[in-house]
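For reference, the chains in residue letters:
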Amino acid sequence: MATEDARYRQSSQFRLWSFSPSSLQELRRKTNSLARQQIAPRLPADPPPEPLNVDEELQLVKFYTVELLRAAEFCKIPTDSRSTAAIFLRRFYVTNSIMTYPPTELLKTCLFFGCKADGVYYPLGQLAKMFPNTTSEQILAGEYLLCQGLRFAFDVRHPLRPLEGAILELRKRFPDEERRIQKAHARTREILKFSSLMTDAYFHFSPSQIMMAALLMVDEELVDRLLPPVSPGDASADPARATGLHSSLRDKIMLTIKSCRTMLEEERPERMKEFWGPENVKHLKPLRRRLKQSRDPDRADLVALQRARRDYAAKQDKKKADGTEDGAVFGDNDSRDAKRRKVEKQDDVFGPPL
């Protein structure tokens, strides 16, 4: 039977959306550089405004992730679906610049599509009514664009599920510590519902590793109890070797978990309120102003962009129906019919004998 780790390595989340820190930074750098080159000639201002750099884009992605989480809470979207929507937003802006496509529109699309990806029914019209000056068409306008940005990989595995398994195991093994386990459970869920979504944890670690790192922030002893002990079979065969391998494995696991914990500690759940604090608003205000000035004018209106694509597709379909494209490549219908009659007159469809 395949282990949980082996099954995770077969998922699209691991195959398509797992990166080393250096490769993720390089990918973001290329995305930012390409956006600068493409947008600068289209801006009407002369000289054009200073575009955002990689770090500034990431700060704004975090800001709009908080906006998405607040909107999801207001719309009463389930926890798993709001987490899926947040990861969709962060994935999209890895290979697409925040200057190219408007985050204020994409976050609404992510909320709707996150529910669909998780099999949660949320009426489109009802979601549109939750946002001011928003129509159903605006939410749907970025849907296919979002799918392309996600590379059509909609599977998102969250650390909340392995947390429930870990808590069940702790309750089973330590029934006398229910209050302690319950407290750790509640605090760990708060961390996973915010810190893991605001950082790059999903890009670097597996759901179980993220869960263990969050629990490590709350209660280190419980994590130590969850780590696998030396099995009796290995110890009886060669106790010294088994102990050495076990110690090495534990050290490797703890090193990974502590690395993830360091990342999660950068965005503790309390930061949710700080994002709308006076100091943070003052810091983000010039970035949002520069974003507005340097965004791609040809892609700012997703509805108009979607309509233009539909019109182009309709024209292409009309050309195919009229036969204009086929005629340009294969000749007109009259010449093809003449060739067909010539072949039919022959006794042998493969031609006369040599």
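One numbering rule holds for all chains: residues counted from 1, following each sequence as written. Residues qualify for local features only when their pLDDT is at least 70, as the model is predicted, and side-chain atom pairs are given and counted only at 80 or more; totals for whole chains, interfaces and linings, by contrast, use all residues. Side-chain figures throughout are based on the complete set of non-hydrogen atoms in the structure, without hydrogens or water.

- Under an unreviewed UniProt entry, the chain has the name Cyclin C-terminal domain-containing protein and belongs to Sarocladium strictum.

**Section: the packing of helix α4 (residues 54-74) against helix α6 (residues 103-117)**
1) Next: Two numbers describe how α4 lies on α6: the axes approach to 10 Å, and their chain directions differ by 45°. Comparing the axis directions of α4 and α6 gives the class oblique. For α4 against α6, the interelement crossing comes out right-handed. Contacts between α4 and α6 involve Tyr 64, Glu 67, Leu 68, Ala 71 and Ala 72 from the former and Pro 103, Thr 104, Leu 107, Cys 110 and Leu 111 from the latter. Between the N-to-C directions of two axes lies an angle of 0 to 180 degrees, each axis being a line fitted to C-alpha atoms and, for a helix, fitted only over the stretch in contact. Strands here mean DSSP runs of E at least two residues long; helices mean DSSP runs of H or I at least four residues long; both are numbered from the N terminus. Each angle is binned into one of four classes, with values under 35 degrees roughly parallel, values over 145 roughly antiparallel, values of 65 to 115 roughly perpendicular, and all other values oblique. Throughout, a crossing is termed right-handed when the near helix is turned clockwise from the far one, and left-handed when it is turned anticlockwise from it by less than a right angle. The contact criterion used is simple: two residues touch if any of their non-hydrogen atoms lie within 4.5 Å.

**Details of the layout of surface pockets**
1) Next: If you add up the space inside the largest pocket, you get close to 840 Å³.
2) Next: Residue lining of the largest pocket: 28 residues in total, with Glu 4, Pro 162, Ser 206, Pro 207 and Ser 208 positioned closest to the centre.
3) Next: Those elements that place two or more of their residues in the lining of the largest pocket are α1 (4-9), α5 (79-95), α10 (160-173), α13 (207-218) and α16 (239-264).
4) Next: Residues of the lining of the largest pocket, tallied by class, amount to 14 nonpolar, 7 polar and 7 charged.
5) Next: Cavities and pockets were defined on a 1 Å grid built over protein atoms only: a cavity is a set of grid points that admits a 1.4 Å probe from which the probe cannot escape, a pocket is an open set flanked by protein on both sides within 12 Å along at least five of seven lines, and lining residues are those with an atom within 4 Å of any such point. Grid points are joined across faces, edges and corners, and a volume is the space filled by probe spheres set on the points. Within this model, the second largest pocket holds a volume of roughly 340 Å³.
6) Next: Residues that form the lining of the second largest pocket fall into these classes: 9 nonpolar, 2 polar and 7 charged. Classification used: nonpolar for Ala, Val, Leu, Ile, Met, Phe, Trp, Tyr, Cys and Pro, charged for Asp, Glu, Lys and Arg, polar for all others including Gly.

**Considerations on the packing of helix α3 (residues 21-39) against α5**
1) Next: Relative to each other, α3 and α5 sit at 65°, their axes nearing to 7 Å. Note on element contacts: α5 touches α3 through Arg 90, Val 94 and Thr 95, opposite Leu 24, Leu 27, Arg 28 and Thr 31.
2) Next: In the contact of α3 with α5, the residues fall into 3 nonpolar, 2 polar and 2 charged.

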